[in-house]
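Take a look at the letters that make up each chain.
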Amino acid sequence: MRALFFTFACDHCDGLVDSFDFRGFVVLRRERTLPCEEYVFATRADAERWRELNGLFDAEIREVRGDKPFRWQPSRGTVRGIILADRLFEICPDHKFEPRPNRAFLAQQPEQLAASP
């Protein structure tokens, strides 16, 4: 008997292993399509405060992951007291996009993890 097909499984590609240890939060506007550029905040509270002060009440706050540490800095604009990444990041829908500087991806939400096979 001769094997006709070979199957390789990758836990990383299937989303079963999370090798991206660096996390932040984004305010994801509903009219945006991914990938898009957004500010990355150090905490959910920082993202919520920024969303509120900018009147983006219908925007969703989502966790993002990156393959390199985010460089955090205090906000310098009109909104003070918020910690965010030192530049805009390209936000991708999942980890299957090629890692690059200033690129992060949306972390899976608990309901997405439960639905995974």
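Structure shown above.
For clarity, every value in this text was computed on a predicted model and none was experimentally measured. (Residues numbered from 1 in each chain as written. Predicted model: local features only at pLDDT ≥ 70, side-chain atom pairs only at ≥ 80, totals over all residues. Heavy atoms only, no water.)

1. A look at the layout of surface pockets
The test is simple: A pocket, in this scheme, is an open set of points on a 1 Å grid over the protein atoms alone with protein on both sides within 12 Å along at least 5 of 7 lines, while a cavity is a set where a 1.4 Å probe fits but cannot get out; residues line either one if an atom lies within 4 Å of a point. Grid points are joined across faces, edges and corners, and a volume is the space filled by probe spheres set on the points. Residue type decides the class: Asp, Glu, Lys and Arg count as charged, Ala, Val, Leu, Ile, Met, Phe, Trp, Tyr, Cys and Pro as nonpolar, and the leftover types, Gly among them, as polar.
Approximately 210 Å³ is the volume attributed to the second largest pocket. Lining of the second largest pocket is provided by Y39, F41, W50, Q73, P74, S75, R76, G77, T78, V79, I82 and L84. Its residues assigned to classes, the lining of the second largest pocket shows seven nonpolar, four polar and one charged.

2. Overview of helix α1 (residues 44-53)
Just so we agree on the cut-off: Think of it in three bands: residues with accessible area under 20% of the maximum for their type are buried, residues over 50% are exposed, and the middle band is partly exposed, with areas taken using a 1.4 Å probe on protein chains only. Secondary structure elements follow DSSP: runs of H or I no shorter than four residues count as helices, runs of E no shorter than two count as strands, and numbering proceeds from the N terminus. In this description, one arc is meant: the one made by directions from the helix axis to the C-beta atoms. By definition in these notes, contact holds between two residues if any of their heavy atoms fall within 4.5 Å.
For α1, the full list of buried residues reads D46, A47 and W50. Mapping the buried residues of α1 onto a view down its axis gives an arc of 100 degrees, with all of them on the same face. Facing away from the buried side of α1, by more than 90 degrees, are the exposed residues A45 and E52. Lining the buried residues of α1 we find β1 (22-28), β3 (60-66) and β5 (83-85).

3. As for the state of the cysteines
Inclusion rule: By definition, disulfides here are pairs of cysteine sulfur atoms that lie within 2.5 Å.
Under the definition given, this model contains zero disulfides. Residue C92 stays outside any disulfide, its sulfur separated by 8.9 Å from that of C36, the closest cysteine.

4. Points about the pairing of β3
Selection criterion: Paired strands are those between which DSSP finds at least two bridges.
Where burial is concerned, most of β3 is hidden: six out of the seven residues are buried. Of the strand pairs in this sheet, β1 and β3 are connected by seven bridges, and their pairing is antiparallel. Paired with L28 across the bridge in β3 is E60. With two bridges connecting them, β3 and strand β7 (residues 103-106) associate as antiparallel partners. Among the inter-strand pairings, V64 is bridged to a residue of β7, identified as L106.

5. Observations concerning the pattern of salt bridges
Think of it this way: side chains of opposite charge can pair up when their charged atoms draw near. Here is the rule we go by: The salt bridge criterion pairs a side-chain nitrogen of Lys or Arg with a carboxyl oxygen of Asp or Glu, the two atoms within 4 Å.
Within this structure, the stated rule accounts for nine salt bridges. E38 is paired through a salt bridge with R32; the nearest N and O atoms lie 3.4 Å apart. Look at E38 and you get buried, because its relative accessible area is 2%. In this structure, E63 engages R65 in a salt bridge whose closest nitrogen and oxygen atoms are separated by 2.8 Å. Each member of the pair, E63 as well as R65, is classed as buried. A cluster of three or more residues bridged by salt bridges with shared partners is formed by R23, E63 and R65.

6. Re the environment of Q108
Summarising the element assignment, Q108 is placed in the loop between β7 and α2 (110-115). Along the sequence, Q108 and V64 sit 44 residues apart, while their C-alpha atoms lie 8.7 Å from each other.

7. Side note on the packing of aromatic side chains
The test is simple: Classification of ring pairs rests on two measures: the distance between centres of Phe, Tyr or Trp rings, Trp counted by its six-membered ring, which must be within 6.5 Å, and the angle between planes, read as stacked under 30 degrees, edge-to-face over 60 and tilted in between.
Going through the model one piece at a time under the given rule, you end up with four aromatic pairs. With 5.5 Å between their ring centres and 45 degrees between their planes, F41 and W50 make a pair best called tilted. Given a relative accessible area of 12%, W50 falls into the buried group. Here the aromatic cluster, defined as three or more aromatic residues joined through ring pairs, consists of Y39, F41 and W50.

These values are about where atoms sit, not about what they do.
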